[in-house]
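Summary of the model geometry
Here is what each chain is made of, one letter per residue.
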Amino acid sequence: MIAHRKDDHVRFAAEQQRHLGGHHQFDDVSFVHHALAGIDRPDVSLATRFGGIEWKVPLYINAMTGGSEMTGAINRDLAIAARETGVPIATGSMSAYFADASVAETFSVMRLENPAGFIMANVNANASVENARRAVDLLQADALQIHLNSLQETVMAEGDRSFSAWGPQIEKIVAGVDVPVIVKEVGFGLSRETVLMLRDMGVRVADVAGRGGTDFARIENDRRDRADYSYLNGSGQSTPACLLDAQDAGIPVLASGGVRNPLDVARGLALGASAAGASGPFLKTVLDDGVPALISRISEWLDQLEALMTVLGARTPADLTRCDVLVRGDLREFCADRGIETRRLATRSRSHGTTHTTIGNFR
Ligand code: FNR
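So, here is what we can say about the structure in this document.

The rules behind these values
- Residues numbered from 1 in each chain as written.
- Predicted model: local features only at pLDDT ≥ 70, side-chain atom pairs only at ≥ 80, totals over all residues.
- Heavy atoms only, no water.
- Phe/Tyr/Trp six-rings, centres within 6.5 Å; stacked < 30°, edge-to-face > 60°.
- Buried < 20%, exposed > 50% of the residue type's maximum accessible area, 1.4 Å probe, protein only.
- Helix = DSSP H or I, 4+ residues; strand = E, 2+ residues; numbered from the N terminus.
- Lys NZ or Arg CZ within 6 Å of the ring centre and 35° of its normal.
- Near = heavy atom within 4 Å.
- Polar contact = N/O pair within 3.5 Å; in protein donor to acceptor, adjacent residues only side chain to side chain.
- Areas by Shrake-Rupley, 256 points an atom, 1.4 Å probe, with all protein chains shown as cover.
- Nonpolar A, V, L, I, M, F, W, Y, C, P; charged D, E, K, R; others polar.
- Contact = heavy atoms within 4.5 Å.
- Core = buried A, V, L, I, M, F, W, Y, C linked by side-chain atoms within 4.5 Å.
- Salt bridge = Lys/Arg side-chain N within 4 Å of Asp/Glu carboxyl O.
- Axes fitted to C-alpha atoms, helices over the stretch in contact; angles between N-to-C directions.
- Parallel < 35°, antiparallel > 145°, perpendicular 65-115°, else oblique.
- Left-handed = near helix turned anticlockwise from the far one by under 90°.

Considerations on the packing of aromatic side chains
Tallied over the entire structure, the rule returns 7 aromatic pairs. Between Phe 50 and Trp 55, the ring centres sit 5.0 Å apart and the planes meet at 85 degrees, which makes this aromatic pair edge-to-face. In this structure, Phe 50 and Trp 55 share a single accessibility class: buried. For the pair Phe 282 and Trp 301, a centre-to-centre distance of 5.0 Å together with 55 degrees between the ring planes defines the contact as tilted. You can see Phe 282 sitting in helix 12 (residues 280-289) and its partner Trp 301 sitting in helix 13 (residues 291-312), a full 19 residues away along the chain. The pair formed by Phe 282 and Trp 301 is uniform in burial state, with each residue classed as buried. In this structure an aromatic cluster arises from ring pairing among Phe 50, Trp 55, Tyr 60 and Phe 118. Here the guanidinium or amino end of Arg 11 rests over the ring plane of Phe 12, the centre of that ring lying 4.8 Å away.

Considering the site of the ligand
The ligand sits among 24 residues. The nearest are Ala 63, Met 64, Ser 93, Thr 214 and Gly 280. With respect to the ligand, the side chain of Thr 214 contributes an N or O atom lying 2.5 Å from an oxygen atom. Ser 279 is positioned with one of its backbone polar atoms (N or O) 2.9 Å from an oxygen atom of the ligand. In the complex, 98% of the free accessible area of the ligand, which totals 610 Å², lies under the protein chains. Elements with a minimum of two residues in the shell around the ligand: helix 1 (2-18) and helix 12. Its residues assigned to classes, the shell around the ligand comprises 10 nonpolar, 12 polar and 2 charged.

A look at the side chain of Asn 114
Its place among the elements puts Asn 114 in the loop between helix 4 (105-113) and strand 6 (119-124). Excluding anything up to four places from it in sequence, Asn 114 contacts Ala 79, Ala 82, Arg 83, Ile 89 and Ile 119.

As for the nonpolar core
Counting residues in each nonpolar core, the largest one holds 103 residues, and the members touching the most others are Leu 144, Ile 146, Ile 170, Ile 298 and Leu 320. Per element, the largest residue contribution to this core is 8 residues, and it comes from helix 13. When sequence neighbours within four positions are dropped, the list of residues in contact with Ile 298 reads Leu 59, Ile 61, Ala 81, Thr 85, Val 87 and Phe 282.

A few points about the environment of Asp 27
Mapped onto the elements of the fold, Asp 27 is located in the loop between helix 1 and strand 1 (29-31). Sequence separation between Asp 27 and Gly 329 is 302 residues, and the spatial gap between their C-alpha atoms is 9.1 Å. Residue contacts for Asp 27: discarding those within four places in its chain leaves Arg 260 and Arg 267.

Side note on the pattern of salt bridges
Oppositely charged side chains can form a pair if their charged atoms are brought close together. Going through the model one piece at a time under the given rule, you end up with 23 salt bridges. Of the charged contacts in the structure, one is a salt bridge between Arg 267 and Asp 27, with a shortest N-O distance of 3.5 Å. Here Arg 267, found in helix 11 (residues 262-270), pairs with Asp 27, found in the loop between helix 1 and strand 1; they are 240 residues apart in sequence, far enough to count as distant. A relative accessible area of 39% places Asp 27 in the partly exposed class. Two residues, Glu 220 and Arg 223, come together in a salt bridge whose shortest N-O distance is 2.6 Å. With Glu 220 and Arg 223 both in helix 9 (residues 216-223), this residue pair falls 3 residues apart, about one helical turn. Each member of the salt-bridge network shares a partner with another, and the members are Arg 5, Asp 8, Arg 11, Glu 158, Glu 220 and Arg 223.

Structural notes on the environment of Gly 339
For Gly 339, the location among the structural elements is in the loop between helix 14 (329-338) and helix 15 (348-352). The exposure class of Gly 339 is exposed, given its relative accessible area of 67%. Measuring from C-alpha to C-alpha, the distance between Gly 339 and Asp 245 comes to 8.9 Å, with 94 residues separating the pair along the chain.

Brief notes about helix 4
Here helix 4 lies mainly inside the structure; 7 of its 9 residues are buried. In this structure, the buried side of helix 4 is in contact with helix 2 (69-85), strand 5 (89-90), helix 3 (95-99), strand 6 and helix 5 (129-139).

Regarding unusual backbone geometry
A positive phi angle is found at Gln 140, which is not glycine, with a value near 45 degrees. Its identity as a non-glycine residue notwithstanding, Ala 209 has a phi of 40 degrees, on the positive side. By the element assignment, Ala 209 lies in the loop between strand 9 (205-207) and helix 9. Ala 209 sits in the buried class, given a relative accessible area of 3%.

Quick notes on the packing of helix 1 against helix 9
At a minimum axis separation of 10 Å, helix 1 and helix 9 run at an interaxial angle of 120 degrees. When the axes of helix 1 and helix 9 are compared, the pair comes out oblique. Crossing hand, helix 1 versus helix 9: right-handed. Each of Arg 5, Asp 8, His 9, Phe 12, Ala 13 and Gln 16 in helix 1 lies in contact with helix 9, whose residues at this interface are Phe 216, Arg 218, Ile 219, Glu 220, Asp 222 and Arg 223. When the residues that make up the contact of helix 1 with helix 9 are grouped by side-chain class, the tally is 4 nonpolar, 2 polar and 6 charged.

Digging into helix 9
Those residues of helix 9 not exposed but buried are Phe 216, Ala 217, Ile 219, Glu 220 and Asn 221. Among the structural elements, helix 1 and helix 6 (150-155) are those in contact with the buried residues of helix 9. The N-cap of helix 9, judged by a side-chain oxygen 2.9 Å from the amide nitrogen of Ala 217 a few residues on, is Asp 215.

Everything listed here is a matter of geometry and, on its own, says nothing about what the molecule does.
Written out as structure tokens, the structure reads:
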């Protein structure tokens, strides 16, 4: 049953990637162009640090799969690409392993193929502390992701209908595992209120996983025979909206959900994320074109991110939070309703004295 669901998710998610388009709120975020960037390419370092975690690059392959023969093969391919490019990687939910230990290898193949990489295990918020530990042990994981997916469960015919235990259980898992815990959504986004609650539970990092890419309402609707919830397709907050909402929430955040290219990575970092992740786009590449194509694509993203940071005068990912950005359209309306000041983002480099405002006469 679980294995079948995992195969469905991969199939429908890959299909969605083929039909993505339309307005995207990342496009409501643009950088003010300053023609004197003031730095050279070798000045740029992609390294990022947040919540006691250190990554060489601010890009990761986010949670997807495992639990069936087909998804084990995908995990192997993703892990090889992560090893070759040095990006961190997460497995999909490990519930299938808790239900049937014989599928362990469909997850542990990630560690086998990527012995020195940064690997995140993934569980749901109902997982027992013992299972959370088993997940970390199986992968010798460097961090544990807990996913929040109430909308997905609601549309899933066989999904959970009880969510009250999630908060208390997250606190228990945080206290019971000895790796950092990252709590993530699955494509509907984390609100500021949720991020603040997670912070107070001792969660180390919040991955907003917002709307704009893989849509699990649509996937679960596609899996239903009848009486669907298609009116929930496209629900939730976009990733840039979540990042703006969570500014200064006192906990590091990650940008994922609808990240399409290196510019979206830079936008996510500029809106305060410590790193950006993608799932659907990388899944499609590996399924359609194979591991070498995924390695090339990730390498290209990293190369172009460095190029973009150079032209923006940002030596580090954190420097991007001092670049001037304009927020327009629907996203600006969201900010107005949520009481988020956007005008100061458009001139913030002045108060920080970033490179282009401190070059001799051009101050
Ligand atoms: C996912 N995602 C996911 N997340 C999670 O925490 N546990 C999981 O088991 C899964 N499973 C899963 C399967 C497939 C096939 C996809 C494509 C995605 C959600 C994923 O981590 C991410 O939050 C969303 O996909 C949004 O990012 P993208 O796809 O828009 O980059």
